[in-house]
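Here are the chains, one letter per residue:
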Amino acid sequence: DAGVTQSPTHLIKTRGQQVTLRCSPKSGHDTVSWYQQALGQGPQFIFQYYEEEERQRGNFPDRFSGHQFPNYSSELNVNALLLGDSALYLCATRRGRETQYFGPGTRLLVL
Amino acid sequence: GQQLNQSPQSMFIQEGEDVSMNCTSSSIFNTWLWYKQDPGEGPVLLIALYKAGELTSNGRLTAQFGITRKDSFLNISASIPSDVGIYFCAGQLHRDDKIIFGKGTRLHILP
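Here is what the cut-offs are and how they apply
- Every residue gets a number counted from 1 within its own chain, in the order that chain's sequence is written.
- Throughout, the order in which chains and ligands are written sets their labels, letters from A for the former and numbers from 1 for the latter.
- Local features are withheld for residues below a pLDDT of 70 in this predicted model, meaning they are given only at 70 or higher, and side-chain atom pairs are given and counted only at 80 or more; totals for whole chains, interfaces and linings count all residues.
- Side-chain numbers come from the whole structure's heavy atoms, not from hydrogens or water.
- Numbering of helices and strands runs from the N terminus; a helix is a DSSP stretch of H or I covering at least four residues, while a strand is a stretch of E covering at least two.
- Radius of gyration here uses only the C-alpha atoms, and the compact-globule reference equals 2.2 Å multiplied by the residue count raised to the power 0.38.
- Any two cysteine sulfur atoms within 2.5 Å of one another count as a disulfide.
- Only protein chains enter the calculation, and the probe is 1.4 Å; a residue is then buried if its accessible area is under 20% of its type maximum, exposed if over 50%, and partly exposed in between.

Undergrad: Looking at this model, I keep getting lost on the overall build of chain A. Mind explaining?
TA: Regarding its fold elements, chain A presents zero helices and eleven strands. N-terminal to C-terminal, the α/β element order of chain A is β-β-β-β-β-β-β-β-β-β-β. For chain A, the C-alpha radius of gyration of 13 Å lies close to 13 Å, the compact-globule estimate for 111 residues. By its C-alpha atoms, chain A is 35 × 25 × 25 Å across when sized along the principal axes.

Structural data, given as C-alpha cells:
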C-alpha cells in the first residue's frame, strides 16, 4: 500500500515564474491538505480539498491555488513566484475524519 | 489567529536521558497532536490526544492533553540515537479542521 506521494521532490524556479506541485493520496483517502514549511519553522496550512472543492483556506494570497481531481489526487499552483515562496511544500491526506498522513514534500527554491 | 508556543527550541542530551518538551496555545484546541520530522521527510504522527486531561503512551513516548485545553507535553524516556529529529506539537479545533503547528523542538543526542 503506497503512502502519500509527491512530485517532484525538488524544484528550482526564478522569481515571477509559475509552479505546479502534485500529490497522490494514500489509498482510500479522499481529503487533501497542503502546507508550506519554511526553513526552521513548522508547517503552515495553505488549503484543503474535498470532493474537488476547496473547503478551507489558510492565510495565503490568491497566487496560491489548487485543484483536486476525481481520483482524489491534487495539484498546488503558485503564480508570480517570490523569493519568500522558497520552502518545503507538504501534502497531507486522510479519509473522512481519520488520521492525516503527510507526504515527503517538494522542496522549492526560488532564485 | 491561533498560535502555538513550543519549548525548548532545541535540546542537547546524552543517550539514555529522559526528554520533556511542551506546548502552549493562546486559545483552546479539542485535539492535540505530536509529530516527529526527520530530514527530507514529512512529519510522522507520534501521538494524538482527544480529551482534556488524557494521558497517552506510545512505547517510550508519553503525552498529555492539558486540562485547560491550552497546553500539552511530550516526554521521551531513555532516549536512543534514532530519537534525533524535530518534534512538533500541533492542535486542531475540530477533527476535520486545519492543523496548527508549533515551531518545533530540535532534539540532539550527544555521542
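We are not done yet, so read on.
Undergrad: So what exactly am I meant to see when it comes to the state of the cysteines here?
TA: Linking two cysteines covalently via their sulfur atoms produces the bond known as a disulfide. Tallying each qualifying case throughout the model produces two disulfides over all chains. Disulfide pairing is shown between Cys23 of chain A and Cys91 of chain A; the S-S distance is 1.8 Å. Its torsion about the S-S bond being -55°, the disulfide of Cys23 of chain A and Cys91 of chain A is classed as left-handed. Here Cys23 of chain A, found in strand 3 (residues 19-24), pairs with Cys91 of chain A, found in strand 9 (residues 87-94); they are 68 residues apart in sequence, far enough to count as distant. Each member of the pair, Cys23 of chain A as well as Cys91 of chain A, carries the same accessibility label: buried. Disulfide pairing places Cys23 of chain B opposite Cys89 of chain B at an S-S distance of 1.8 Å. With Cys23 of chain B in strand 3 (residues 19-25) and Cys89 of chain B in strand 9 (residues 85-92), the pair connects residues that are 66 residues apart, well separated along the chain.

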